[in-house]
Amino acid sequence: MFHPRTPIDAAPGRLGTRPGQEWYLAQLKPNALAIARRNLLRQDFPVFAPQQLETRRCGPRFRTEPRLLFPGYLFVALDPAGSRWRAVNSTMGVTQLVAFGGMPVAVPQGLVEQIALGCDAEGLILPPDALAPGDQVLISAGPFAGLIAEVERSEPERRVWILIEVMGQKTRMQVSRDAVKRRKA
């Protein structure tokens, strides 16, 4: 089973590729991400499996869990000039490399790197409007609407802790993510 806090093997800045390697797409066997990842890494193939948080209803509760961005697929880096790509097809957990005419087809240049830039250290895709500590925001709702505040921290439950200056002192407040807008620089 996939553990949600397992760091990605090829995160931004450490994609682990060597000169001459290109990214390819490997089709996985059902529920075999962890097995395929482990076996490819043992064979010295860099891998990357981007994920996104998905909220699903599970009975009366909602659960937010990471899911693969491309379900059933994993990016694998290899040298197209070498014949080691056949080893990927026989790796436990992998069905085959995506191929046309019997030859694997490389993912367009730079695509994997761009996806990796939008991921955090665990390989989760960051939302485009993610607020980071220190960001300046405009409060758009409530009694403090129109005031500018500084983000102290942002939580996954869509809560944001902000620092607002009231009568010369910084006060910490919790607001919903919808009540603040990133201030344009």
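Residues numbered from 1 in each chain as written. Predicted model: local features only at pLDDT ≥ 70, side-chain atom pairs only at ≥ 80, totals over all residues. Heavy atoms only, no water.

Colleague: What's the story with the sheet that holds strand β12 (residues 169-176) in this structure? I'm lost.
Modeller: Strands belonging to one sheet form pairs held by backbone hydrogen bonds; the direction of such a pair is parallel or antiparallel. Here five strands make up an open sheet; going across it, the order is β12-β11-β10-β9-β13 and the pairing antiparallel. For this open sheet the edge positions go to β12 and β13 (180-182), each flanked by a neighbour on one side alone. On average, adjacent strands in this sheet sit at an angle of 45° to one another, irrespective of strand direction. The sheet contact formed by strand β11 (residues 159-166) and β12 spans eight bridges and is antiparallel. Across the sheet, residue Glu-165 finds its bridge partner in β12, namely Lys-170. (Pairing = 2+ DSSP bridges. Helix = DSSP H or I, 4+ residues; strand = E, 2+ residues; numbered from the N terminus. Axes fitted to C-alpha atoms, helices over the stretch in contact; angles between N-to-C directions.)

Colleague: Just checking my understanding: could you explain the pattern of salt bridges for this structure?
Modeller: Side chains bearing opposite charge may pair, as long as their charged atoms lie close to each other. As enumerated under the stated definition, the model contains six salt bridges in all. In this structure, Lys-170 and Glu-150 form a salt bridge, with 3.5 Å as the shortest nitrogen-oxygen distance. With Lys-170 in strand β12 and Glu-150 in strand β10 (residues 148-154), the pair connects residues that are 20 residues apart, well separated along the chain. Among the charged side chains, a salt-bridge network with shared partners connects Arg-63, Glu-65 and Arg-67. (Salt bridge = Lys/Arg side-chain N within 4 Å of Asp/Glu carboxyl O.)

Colleague: Could you clarify how one ought to interpret the nonpolar core in this entry?
Modeller: Nonpolar side chains tend toward joint burial in soluble globular proteins. Judged by nonpolar contacts, the single largest core of 17 residues is most densely connected at Leu-40, Leu-74, Val-76, Leu-78 and Val-88. Going through the elements one at a time, β1 (22-28), α1 (33-42), β5 (73-78), α2 (85-89) and β6 (94-97) are the ones with two or more residues in this core. If near-sequence neighbours (up to four positions away) are discounted, Leu-78 is found in contact with Gly-20, Gln-21, Glu-22, Tyr-24, Phe-45, Trp-85, Val-88 and Leu-97. By size, the runner-up hydrophobic cluster in this structure holds 12 residues, among which are Val-151, Met-173, Ala-179 and Val-180. (Core = buried A, V, L, I, M, F, W, Y, C linked by side-chain atoms within 4.5 Å. Buried < 20%, exposed > 50% of the residue type's maximum accessible area, 1.4 Å probe, protein only. Contact = heavy atoms within 4.5 Å.)

Colleague: What exactly am I supposed to notice about the environment of Arg-172 here?
Modeller: Position of Arg-172 relative to the elements: it lies in strand β12. With relative accessibility at 41%, the residue Arg-172 sits in the partly exposed group. Expressed as a C-alpha distance, the spacing of Arg-172 and Glu-152, which sit 20 residues apart in the sequence, is 8.2 Å. Beyond its immediate chain neighbours, meaning those up to four positions away, Arg-172 contacts Glu-152, Arg-153, Trp-161, Ile-162 and Leu-163. Polar side-chain contacts of Arg-172 include one of 2.5 Å to the side chain of Glu-152. (Polar contact = N/O pair within 3.5 Å; in protein donor to acceptor, adjacent residues only side chain to side chain.)

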